[in-house]
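# Secondary and tertiary structure notes
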Number of protein chains: 2
Amino acid sequence: MPATRGGFDGEWFTEEANGSSRFAVKMDALLHEERSPWQKISVYDSSFFGRVLTLDDVFMLSERDEFVYHEMLVHVPLLAMPDPASVLIIGGGDGGCLREVLRHDCVRRVVLCELDERVSRVCEEYFSWPASAFADARTECVFEDGIAFVKEHTAAFDLVIVDSTDPVGAAVGLFQREFYESVRACLRSGGVMTAQTESPHWNADMLGAINREIGSAFTQVDSYLAMIPTYPGGCWSLAWASSTRCPGDFFDQQRAKEIAASCSYYQPGLQSAAFALPVFAERACSGENLFERFDSKVYKNRNPDD
Amino acid sequence: MPATRGGFDGEWFTEEANGSSRFAVKMDALLHEERSPWQKISVYDSSFFGRVLTLDDVFMLSERDEFVYHEMLVHVPLLAMPDPASVLIIGGGDGGCLREVLRHDCVRRVVLCELDERVSRVCEEYFSWPASAFADARTECVFEDGIAFVKEHTAAFDLVIVDSTDPVGAAVGLFQREFYESVRACLRSGGVMTAQTESPHWNADMLGAINREIGSAFTQVDSYLAMIPTYPGGCWSLAWASSTRCPGDFFDQQRAKEIAASCSYYQPGLQSAAFALPVFAERACSGENLFERFDSKVYKNRNPDD
């Protein structure tokens with residue numbers, strides 16, 4: 001588990017990863033802070049990153065770079081399907097993935113299933129995109145546990161996006177085989193799941209473990225990468241999982257061009273390039289950790305529940 | 001210019017970028033510190049990153065991730081040439097690029113031209129690879145100013161690698177048109193220059209400015225990216241410049257397979273995938289900064305010489 005401790009000292013918000021590195025952002029102001037039934041929700045303003053959302057003192061998104069994660073988690077799968085009509089987003093209460101899904105005119109229905117309604121309400125107040133995304137006629141917001149939701153729906157979605165926090169606390173179940181099996185059952189024929197699967201560099205062991213869980217529920221698991229400067233290590237892995245569709249099977253070039261015209265990260269060339277993994281990441285996906293000699297020093301004395 | 005301030009408080013080494021973000025590494029020990037005629041040279045030991053080299057308190061390399069930068073700066077150009085025989089490395093006193101160049105049996109001569117001999121001597125003492133790389137029969141170490149060196153050599157090298165520090169102090173001249181013109185003249189027909197060109201995310205304006213300078217000396221400038229977790233923003237741009245050769249013109253598949261077998265980052269699929277730039281990076285290369293609204297707040301009051 002990623003032991004990530006953070007905090008705000010009135011000037012710098014600091015996030016610590018693995019007890020070994022820290023990323024800190026200079027904040028101009030703390031705009032909002034509350035404790036929901038699930039977590040501490042904070043919104044800051046900063047010059048370099050714009051507004052920033054943290055949950056339990058873990059960096060979730062900044063106005064400067066949120067587009068990377070959201071565009072890549074959404075457009076890569078949607079452009080690899082001929083006519084995706086229905087999408088389920090698990091988590092993603094900030095509305096970023098929702099905003100990107102709604103750019104696809106072919107999508108007729110998007111369900112956002114977020115555990116913590118307060119995340120959505122706070123984001124609606126402090127960020128520019130959630131209000132219109134939540135109000136879209138195609139959007140249904142459901143504030144309940146995603147694990148329960150997928151169990152109750154069968155063959156209902158062309159794409160399920162798991163936009164979760166790290167695998168700690170309430171989110172642990174979103175990284176386990178049982179959940180992935182429910183997601184598979186929840187997909188229509190030809191359906192795909194994408195999910196965030198942590199840092200291939202900082203959390204190589206974790207990426208391997210997550211991919212094993214996914215691989216026990218789906219026949220096809222591929223990983224692709226996106227460069228997210230505000231996440232630990234600056235590079236993040238995303239999973240493509242399906243029992244019927246490989247990432248390169250289909251690509252809607254025309255729609256990709258249209259979508260890319262309003263993107264800040266995604267462009268058609270990344271549709272395959274993002275799957276060309278560096279050696280260390282490819283190995284991490286299959287459970288081999290090239291950083292073992294370093295990681296073992298850091299993790300050996302740690303509580304496995306950290 | 002990247003105003004980067006760092007420091008070691010006895011436990012954490014901290015590097016500040018643009019006055020807006022900080023990256024810090026927990027160190028177990030400061031193994032070495034000296035002031036050469038050119039800069040402060042420090043070597044630390046850490047659990048998560050292994051040994052770490054900093055110059056003037058700026059992160060240069062760690063044992064954990066140095067392979068990314070060195071493999072990508074070296075193998076991408078060398079594998080795009082049929083029979084590269086001679087290589088010049090400007091800077092690169094740590095021997096990392098040299099080590100990677102020497103993996104190519106076709107290379108008969110490698111000149112390492114490093115301004116500060118103390119960097120090489122210190123690295124030789126604290127890192128595993130420099131001693132054998134410096135001692136290789138094909139290696140010539142020259143400790144002098146790279147700007148002067150390239151002026152004195154014409155049509156001598158198939159590849160020139162500019163492995164410099166950031167464009168501050170003694171390194172400023174390594175980012176200017178006059179230097180790039182000397183490099184061009186220093187290349188044999190079909191020759192290529194690769195160079196580190198800063199962060200597309202943290203320093204979009206600077207990347208655009210550097211590429212303009214390179215483009216005034218070479219007819220072909222392309223940028224490619226590598227994910228380097230210990231550099232600001234976690235993603236670094238590298239330039240390919242040539243007056244005769246495009247990145248995709250030639251690829252030695254057989255040699256690429258052999259080289260990749262001993263790599264931790266480079267694999268043949270990255271030869272083209274690394275050039276598939278995210279939109280913001282592509283725009284930065286051509287001088288358009290998608291982060292202008294954030295950067296302007298941070299840079300507007302800063303001394304341009306910072």
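Now for a description of the structure that goes with this document. The structure presented is a predicted model; accordingly, all values stated were derived computationally and were not measured.

## As for the sheet that holds strand β12 (residues 187–196) of chain B
Residue and element names in this part refer to chain B. Spatially, β10-β9-β8-β11-β12-β14-β13 is the arrangement adopted by the seven strands of the open sheet, whose pairing is mixed. Edge positions in the sheet fall to β10 (139–142) and β13 (220–227), since each has one partner strand and no second. The mean inter-strand angle of the sheet, taken between neighbouring strand axes irrespective of direction, is 15 degrees. Bridging between strand β11 (residues 157–163) and β12 involves five bridges; their strand directions are parallel. In the strand pairing of β12, V160 is matched with M193. Contacting β8 (86–91), β11, β12, β13 and β14 (235–242), helix α1 (residues 66–78) crosses the sheet at an angle of about 160 degrees to β11.

## Considering the pattern of salt bridges
Across all of its chains, the model carries 34 salt bridges over all chains by this definition. For the salt bridge of A:K40 with A:D57, the shortest nitrogen-to-oxygen distance reads 3.1 Å. A residue pair is termed long-range when its members are at least 10 positions apart, and A:K40 in strand β5 (residues 40–46) and A:D57 in the loop between β6 (50–55) and β7 (58–62) qualify at 17 residues. Summarising the burial analysis for this pair, A:K40 and A:D57 share the class buried. For A:R64, the salt bridge goes to B:D295, with nearest N and O atoms at 2.8 Å. Here B:D295 lies in helix α11 (residues 292–299) and A:R64 lies in the loop between β7 and α1 (66–78), a pairing that spans two chains. This pair shows no difference in class: A:R64 is buried, exactly as B:D295 is. Three or more residues joined by partner-sharing salt bridges are found here, namely A:E66, A:R99, A:E100 and A:R103.

## A short note on the side chain of B:S36
Positionally, B:S36 belongs in the loop between β4 (29–35) and β5 (40–46). There is a polar contact of 2.6 Å between the side chain of B:S36 and the side chain of B:D116.

## Observations regarding the relation of the copies chain B and chain A
It takes a turn of 180 degrees to lay chain B on chain A, together with a shift of 0.0 Å along the axis; the resulting RMSD is 0.0 Å. Both copies are brought into coincidence by an operation consistent with a two-fold rotation axis. Same-surface contact between copies: 100% of interface residues of chain B are shared with the interface of chain A.

## Observations concerning the interface of chain B and chain A
Interface extent is often summarised as the accessible area lost during association of the parts. On the chain A side, the residues contacting the 47 residues of chain B number 47 residues. Of the roughly 4100 Å² buried where chain B meets chain A, counting both sides, 67% is carbon and sulfur surface. Connecting chain B to chain A are two salt bridges. Between chain B and chain A we count 14 residue pairs in polar contact (both at pLDDT 80 or more) in total. The set of elements that each furnish at least two residues to the side of chain B that touches chain A consists of β2 (12–17), β3 (21–26), β13, α9 (270–273), α10 (279–285) and α11 of chain B.

## Observations concerning the sheet that holds β7(A)
All names here are of chain A. Strand order in this open sheet of four strands is β4-β5-β6-β7, and the pairing throughout is antiparallel. In this open sheet, the two strands that pair with only one neighbour each are β4 (29–35) and β7. Between one strand axis and the next, the sheet turns by 20 degrees as a mean value, whatever way the strands run. Strand direction decides the pairing type here: β6 and β7, joined by four bridges, are antiparallel. Residue pairing for β7: T54 is matched across the bridge by F59.

## Details of the state of the cysteines
Inspection of every chain in the model, using the stated rule, returns zero disulfides over all chains. Just so you know, B:C106 is unpaired, no disulfide at all, and the nearest cysteine sulfur is the one on B:C263, 14 Å from it. Residue class for B:C106 comes out buried when judged on its relative accessible area of 14%. The thiol of B:C235 is not disulfide-bonded; the next cysteine sulfur, from A:C235, is found 9.1 Å away.

So, how was this worked out
Residues numbered from 1 in each chain as written. Chains lettered and ligands numbered in written order. Predicted model: local features only at pLDDT ≥ 70, side-chain atom pairs only at ≥ 80, totals over all residues. Heavy atoms only, no water. Pairing = 2+ DSSP bridges. Helix = DSSP H or I, 4+ residues; strand = E, 2+ residues; numbered from the N terminus. Axes fitted to C-alpha atoms, helices over the stretch in contact; angles between N-to-C directions. Contact = heavy atoms within 4.5 Å. Salt bridge = Lys/Arg side-chain N within 4 Å of Asp/Glu carboxyl O. Buried < 20%, exposed > 50% of the residue type's maximum accessible area, 1.4 Å probe, protein only. Polar contact = N/O pair within 3.5 Å; in protein donor to acceptor, adjacent residues only side chain to side chain. Least-squares fit on C-alpha atoms with pLDDT ≥ 70 in both. Buried area = accessible area lost by both parts, 1.4 Å probe. Disulfide = S-S within 2.5 Å.

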